[in-house]
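Below, each chain spelled out in residue letters.
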Amino acid sequence: MTRNFLKIFQILQILLKAKFYLKKPKKNKIIIFDHKGANTPYYKYFINSDCSILNVRGEDINLYVIFSLILKFKKISLKEYIIQYLNFVRPQFIFHNSFNIRFFEIEKNEFTFKFIKIFTQSELKNHHDYQEFLQNKKNLSCDYLFVWSEGMKQLMKKNILGKYIINGSFFNNEGPEIDLNKLESKLVYVSQYRTFKKRESRETKNTIRDEFHGLKFSWEQYMEPDLDVAIALKDFCMEHDIKFEIAGTSINDKIEEKKFFSEKLGEDGWTYLESSIERRGIYLTSNAKYIVTVDSTLGYECLARGQRVCFFSIRSKYLKSDYAKFGWPLHLSEEGKCWTTNNSKEDFKRLMNFLVFEDDIAWKKILDTELRDLVFYNLNNSMYKKFLKTNNLINDATN
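Owing to the predicted nature of the structure, the values given are computational and were not obtained by experimental measurement.

Draft legend 1. Representation of the sheet that holds strand β6 (residues 116–120) in the model. Taking strand neighbours across the sheet as the criterion, the 6 strands line up as β3-β2-β5-β6-β7-β8 in an open arrangement whose pairing is parallel. Both edges of this open sheet fall to β3 (51–54) and β8 (160–166), since each of them pairs with a single strand only. For this sheet, the mean angle separating the axes of adjacent strands, direction not counted, is 25°. Of the strand pairs in this sheet, strand β2 (residues 30–33) and strand β5 (residues 93–96) are connected by 4 bridges, and their pairing is parallel. Residue I30 lies in a different strand from β5, and its bridge partner there is F93. Strands β2, β3 and β5 of the sheet are contacted by helix α3 (residues 78–89), whose axis makes an angle of about 170° with β3.

The structure is reproduced here in structure tokens:
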């Protein structure tokens, strides 16, 4: 009874927020499944040409599709809505950018026309997120899957059939090309600052809250490892006369982000690199020889580009729960040449010595062996663009 009530309540919330319109969906060559990620830069090649977006999270509801289901005595459900919508559009290609199980559940035998499904991985999941997405379902399918790594391919192919293309991070591939021989001898720490937002008036930064996947922790618990690592890095850089910078992540809360670090680091001995919509992430780290992060996606992207990156994968230790594992979906040991889950003084010294003082041969060896299946880099997304050209989705003049 309680579960049914919650489901009804969720449906009512969606209906109250949704925009309704009454117009038959027009035929299009391309449809992007799910509004989430639909305006991503690597869909820009065809976003305004024979392309439409199918919203499946209640952003808007097409009453024409609903009425057509009623006239056909079909069950009013999201699955039937998707099938009917696609029957109106009759796309040749269906692209999907996030992890929505509904996309992988679309079965070709339910349609009278032919189409090709393409998945373009847009984010790095942890094991909790991935299991939540998968919902223990098997025998899913997709024609082509552009994934970030061999490790991701091996994970997804257990449940999703299709042709896998290892492409790396699309955003990373489109970033500025770097010359590993001309990087500045400086250390950039990747901030993972998150703005504290109250859910209830009495909440403070140390209030334990229900977060996600059954985990409970406070904002301070989550952010504490970021500060502890930053303090140790500043001391190390001052001792070895290395320029120390922190790459900001916040677009709308830069003042508070800088204050978050300066309250512990002081005002001297480090530089805050502001993030902006036009210049963030890989653009703030592309000239640095040394990168350090707790568990950010940006750290993996820098590693894929050949930069030296150390991971202090210690958030689980602070949250006292199994939050995130370094190198997932690979099954790596808890301690490695460029990562730690413990972060004792000995671990910190070990990682920093490897980061700064080890030679390029040692770094290349670890990238070619233990971390070979973890990251991948495809400059300018050349494989993806080749696929689009082969299927007449873009022409040779497209940059």
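Draft legend 2. Looking closely at the packing of aromatic side chains. Under the definition given, this model contains 40 aromatic pairs. Taking the centre distance of 5.6 Å and the plane angle of 70° together, the rings of Y43 and F95 count as edge-to-face. Note that Y43 is positioned in the loop between β2 and β3 and F95 in strand β5, a separation of 52 residues in sequence. Summarising the burial analysis for this pair, Y43 and F95 share the class buried.

Draft legend 3. Region of the structure containing a nonpolar patch on the surface. A cluster of nonpolar side chains, namely L22, Y64, F67, I70 and I76, defines an oily patch on the protein surface of about 480 Å² accessible area. With respect to the helices, strands and loops of the structure, F67 is situated in helix α2 (residues 63–71).

So, how was this worked out
Residues numbered from 1 in each chain as written. Predicted model: local features only at pLDDT ≥ 70, side-chain atom pairs only at ≥ 80, totals over all residues. Heavy atoms only, no water. Pairing = 2+ DSSP bridges. Helix = DSSP H or I, 4+ residues; strand = E, 2+ residues; numbered from the N terminus. Axes fitted to C-alpha atoms, helices over the stretch in contact; angles between N-to-C directions. Contact = heavy atoms within 4.5 Å. Phe/Tyr/Trp six-rings, centres within 6.5 Å; stacked < 30°, edge-to-face > 60°. Buried < 20%, exposed > 50% of the residue type's maximum accessible area, 1.4 Å probe, protein only. Patch = residues over 30% accessible without salt bridge, like charges linked within 9 Å, V, L, I, M, F, W, Y side chains within 5 Å. Areas by Shrake-Rupley, 256 points an atom, 1.4 Å probe, with all protein chains shown as cover. Salt bridge = Lys/Arg side-chain N within 4 Å of Asp/Glu carboxyl O.

The analysis is restricted to geometry; functional conclusions fall outside its scope.
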